[in-house]
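Residue strings, one per chain:
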Amino acid sequence: MVDMKSNVNFACQRCLQPLRLDPSFNHLGEHTIAELSLPIQHHVVREVEQQSGSLEHLVPPFRLTESANGTNGFMLVGDSGETEGLSHHLRVRATLFDVLSSSSSADHPLCDECTDSLLMLMDQQLRLTEGEWSDYNEYLKKLEAEQLQQGNEETEIEALEKELQDVKAEEERMIRELEALRKEEAATKNAIAEQERERERLQSEEERYWREFSRHRRDLILAEDECRSLECQLAYAASQLERLKKTNVFNATFHIWHSGHFGTINSFRLGRLPSAPVDWSEINAAWGQTTLLLTALARKMNLTFQRFRLVPFGNHSYIEVLDQHKELPLYGSGGFKFLWDTKFDAAMVAFLDCLQQFKEQVEKGDSGFCLPYRMERGKIEDSATGNSYSIKIQFNSEEQWTKALKFLLTNLKWGLAWVSSQFTKDEAEQCSTLNQTDLKPTTTNVLS
């Protein structure tokens, strides 16, 4: 610090802190300044300066300038904030700092802390440079050693070529040995596979023998049980044979079968097809036989139908609606699909309802009984395919109507078989006599 008209400070060119200079800076001669002006290694200082920028905040350098002509590049900072004329001492200091700044990449003056940081960076750079010099020196020695070895390369090449020939010969021998081992391996694998197949065959044969043994032993046990059972059943079967031949009287009276696509009862076809237009007299006779059969089965079971009463009257049979006191004819009068005549359809639906009541009555006494085709609301469903067929003529095809009638006769045949198996020989004979009496007017009507 120099005391003139006002207190003036130099500022650090990095941290901008004001500096107090040592009094020895006031007595620098021209020889000292000239010595300091000698050039130094700028690249070393530049690298140090670049590395120092990553460690501290870089502040653009400030240069002091004279307010009059501004020739020395410094600025005097005073308490009053105004520039003053430079004295001789200030000029010497400013000249010294200019020399230092021009000789290195770092601007001067610097405070103690910034100077120490700069010195540390320079020491670090010095150590790095020494390490690089050591690496280069070692590499140089290595190159010299390699040059010495180049003289022996020809001898080494000949030795290596001979060694290469030996290695190739060894390689060929090893390849031949490898091929032999591969063939041996393939043969071993084939042998193992053959043994595995033989083992599996023997295991399969053993399992088959055990299954046959178990089956034969089971057959032996069953045969012994069957022999003892047959001895007990033989007498019973003999006594039942004649009765069973005569108990199924309904089958003799009402023979239900099929003829092509038609279901038949006593050889009367029930239904019509475009390719086989059955006469209506035959259809009406078949309905008369069907009505008589269901009436006889219901009478045998003491079943009274609800809402309807079946009246078997040959080929002019009908159904009486109890609550409406009207008759529904179970016969047609020629033609097909009369839109204005729905009584025939209503009669067939009522007949199907009576057959459903018969089924439900049978199921009350025999829970295992089940008809092959389900009946519901004038339709018969094939449980095998899930298709339903309407019993009505209206809005129906002849094929589907004929199939529905065939399913109806099949259900009746199952009901007939069940009733025949439930009663004794005497009861069946009485039922046969009763059915034959009821059948006489039907035959007369059909023939007429």
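Residues numbered from 1 in each chain as written. Predicted model: local features only at pLDDT ≥ 70, side-chain atom pairs only at ≥ 80, totals over all residues. Heavy atoms only, no water.

The protein chain appears in an unreviewed UniProt entry as Beclin-1-like protein from Nasonia vitripennis. One UniProt comment on the protein chain, placed under Sequence similarities (unreviewed entry), says "Belongs to the beclin family." (UniProt positions renumbered as here; feature names shortened; annotations may be inferred.)

Visitor: I'd love a proper account of the environment of Asp-345, names of residues and values included.
Guide: By the secondary structure assignment, Asp-345 is in helix 8 (residues 343-365). It is 4.9 Å that separates the C-alpha atoms of Asp-345 and Lys-392, two residues lying 47 residues apart in sequence. Asp-345 has contacts with Lys-392, Ile-393 and Gln-394, leaving out every residue within four places of it along the chain. (Helix = DSSP H or I, 4+ residues; strand = E, 2+ residues; numbered from the N terminus. Contact = heavy atoms within 4.5 Å.)

Visitor: Give a description of the nonpolar core that names residues and reports values.
Guide: In terms of nonpolar packing, the biggest core is built from 55 residues, with Trp-287, Leu-293, Leu-294, Phe-351, Phe-358 and Leu-412 touching the most fellow members. Of all the elements in the fold, those that place two or more residues in this core are strand 6 (262-265), helix 7 (280-300), strand 8 (308-311), strand 9 (318-321), helix 8, strand 11 (373-376) and helix 9 (398-420). Leu-294 has contacts with Phe-305, Leu-310, Phe-351, Cys-354, Leu-355, Phe-358 and Leu-412, leaving out every residue within four places of it along the chain. Core analysis: the next-biggest nonpolar cluster, separate from the first, contains 11 residues, Phe-10, Leu-90, Phe-97 and Cys-111 among them. (Core = buried A, V, L, I, M, F, W, Y, C linked by side-chain atoms within 4.5 Å. Buried < 20%, exposed > 50% of the residue type's maximum accessible area, 1.4 Å probe, protein only.)

Visitor: With reference to specific residues and values, describe the sheet that holds strand 5 (residues 256-259).
Guide: Through backbone hydrogen bonds, the strands of a sheet pair up, either in parallel or in antiparallel fashion. Strand order in this open sheet of 3 strands is 5-6-7, and the pairing throughout is antiparallel. Bordering the open sheet on either side are strand 5 and strand 7 (268-270), each of which pairs with just one other strand. Sheet twist, expressed as the average angle between the axes of neighbouring strands with direction ignored, equals 40 degrees. In the sheet, strand 6 pairs with strand 7 via 3 bridges, with the strands oriented antiparallel. When the sheet's bridge partners are listed, Thr-264 is paired in strand 7 with Arg-269. Together, strand 5, strand 6 and strand 7 form the strand contacts of helix 7, whose direction differs from that of strand 7 by roughly 90 degrees. Along the sheet, helix 9 contacts strand 5, strand 6 and strand 7; its crossing angle with strand 6, the most-contacted strand, is approximately 40 degrees. (Pairing = 2+ DSSP bridges. Axes fitted to C-alpha atoms, helices over the stretch in contact; angles between N-to-C directions.)

Visitor: Explain the packing of aromatic side chains to me, and be specific about the residues and the numbers.
Guide: The full count for this structure, using the stated rule, is 7 aromatic pairs. Seen in terms of ring centroids, Trp-280 and Phe-344 are 6.1 Å apart; in terms of plane orientation they differ by 65 degrees. Their pairing is edge-to-face. Taken together, the residues span a long stretch of sequence, with Trp-280 in helix 7 and Phe-344 in helix 8 at a distance of 64 residues. No difference in accessibility class separates Trp-280 from Phe-344, as the two residues are buried. These aromatic residues form a ring-pair network of at least three members: Trp-280, Phe-344 and Trp-401. In this arrangement the basic side chain of Arg-269 is found over the ring face of Phe-262, its NZ or CZ atom lying 5.6 Å from the centre. (Phe/Tyr/Trp six-rings, centres within 6.5 Å; stacked < 30°, edge-to-face > 60°. Lys NZ or Arg CZ within 6 Å of the ring centre and 35° of its normal.)

Visitor: Describe the sheet that holds strand 13 (residues 388-390), with residues and values.
Guide: Read from one edge to the other, the open sheet built from 3 strands follows the order 11-12-13, with strand pairing classed as antiparallel. Edge positions in the open sheet fall to strand 11 and strand 13, since each of these has one partner strand only. Each strand axis lies, on average, 25 degrees off the axis of its neighbour in the sheet, ignoring direction. For strand 12 (residues 379-382) and strand 13, the ladder comprises 3 bridges, and the chain directions are antiparallel. Bridge pairing links Lys-379 to Ser-390 in strand 13. Of the strands in this sheet, strand 11, strand 12 and strand 13 are in contact with helix 9, which crosses strand 13 at around 105 degrees.

Visitor: Outline the pairing of strand 8, supporting the account with residue identities and numerical values.
Guide: Here strand 8 pairs with strand 9 via 4 bridges, running antiparallel. When the sheet's bridge partners are listed, Leu-310 is paired in strand 9 with Ile-319. The turn linking strand 8 back onto strand 9 is made up of 6 residues, and Gly-314 within it adopts a positive phi angle of 65 degrees.

Visitor: Describe the pattern of salt bridges, with residues and values.
Guide: The full count for this structure, using the stated rule, is 18 salt bridges. Across the pair Glu-205 and Arg-208 runs a salt bridge, and its minimum N-O distance is 2.2 Å. Remark: Arg-208 and Glu-205 occur in helix 5 (residues 153-247); sequence separation between them is 3 residues, near one turn of the helix. What makes Glu-205 partly exposed here is its relative accessible area of 22%. Across the pair Glu-212 and Arg-208 runs a salt bridge whose closest N-O atoms are separated by 2.7 Å. (Salt bridge = Lys/Arg side-chain N within 4 Å of Asp/Glu carboxyl O.)

Visitor: Provide a residue-level description of unusual backbone geometry, including the pertinent values.
Guide: Residue Asn-266 is not a glycine yet carries a positive backbone phi of 55 degrees. Unlike most non-glycine residues, Phe-395 shows phi in positive territory, near 55 degrees. Of note, Phe-395 is situated in the loop between strand 13 and helix 9. Relative accessible area serves as the criterion here: at 81%, Phe-395 is assigned to the exposed category.

Visitor: Mind laying out the packing of helix 7 against helix 8, listing which residues take part and the relevant values?
Guide: Viewed as axis vectors pointing N to C, helix 7 and helix 8 meet at an angle of 30 degrees, and their least axial separation amounts to 11 Å. In terms of their interaxial angle, helix 7 and helix 8 are classed as roughly parallel. Between helix 7 and helix 8 lies a crossing whose hand is left-handed. Across the interface between the two elements, Trp-280, Trp-287, Thr-290, Thr-291, Leu-294 and Leu-297 from helix 7 touch Phe-344, Met-348, Phe-351, Cys-354, Leu-355 and Phe-358 from helix 8. Class assignment of the residues belonging to the contact of helix 7 with helix 8 gives a composition of 10 nonpolar, 2 polar and no charged. (Parallel < 35°, antiparallel > 145°, perpendicular 65-115°, else oblique. Left-handed = near helix turned anticlockwise from the far one by under 90°. Nonpolar A, V, L, I, M, F, W, Y, C, P; charged D, E, K, R; others polar.)

Visitor: Tell me about the environment of Cys-15, and please be specific about residues and values.
Guide: With respect to the helices and strands, the residue Cys-15 is situated in the loop between strand 2 (7-11) and strand 3 (18-19). Sequence separation between Cys-15 and Leu-110 is 95 residues, and the spatial gap between their C-alpha atoms is 8.4 Å. The contacts of Cys-15, once residues within four sequence positions are left out, are Cys-111 and Cys-114.

Visitor: Kindly report on the packing of helix 7 against helix 9, identifying the contributing residues and their values.
Guide: Direction vectors running N to C along helix 7 and helix 9 enclose 30 degrees, while the axes themselves pass 11 Å from each other. Considering the angle they form, helix 7 stands roughly parallel to helix 9. Helix-helix and strand crossings are classified by hand; for helix 7 and helix 9 the assignment is left-handed. Only Trp-401, Leu-405, Leu-408, Leu-409, Leu-412, Gly-415, Leu-416 and Val-419 of helix 9 make contact with helix 7, whose side of the interface consists of Trp-280, Ile-283, Trp-287, Thr-290, Leu-293, Leu-294, Leu-297 and Lys-300.

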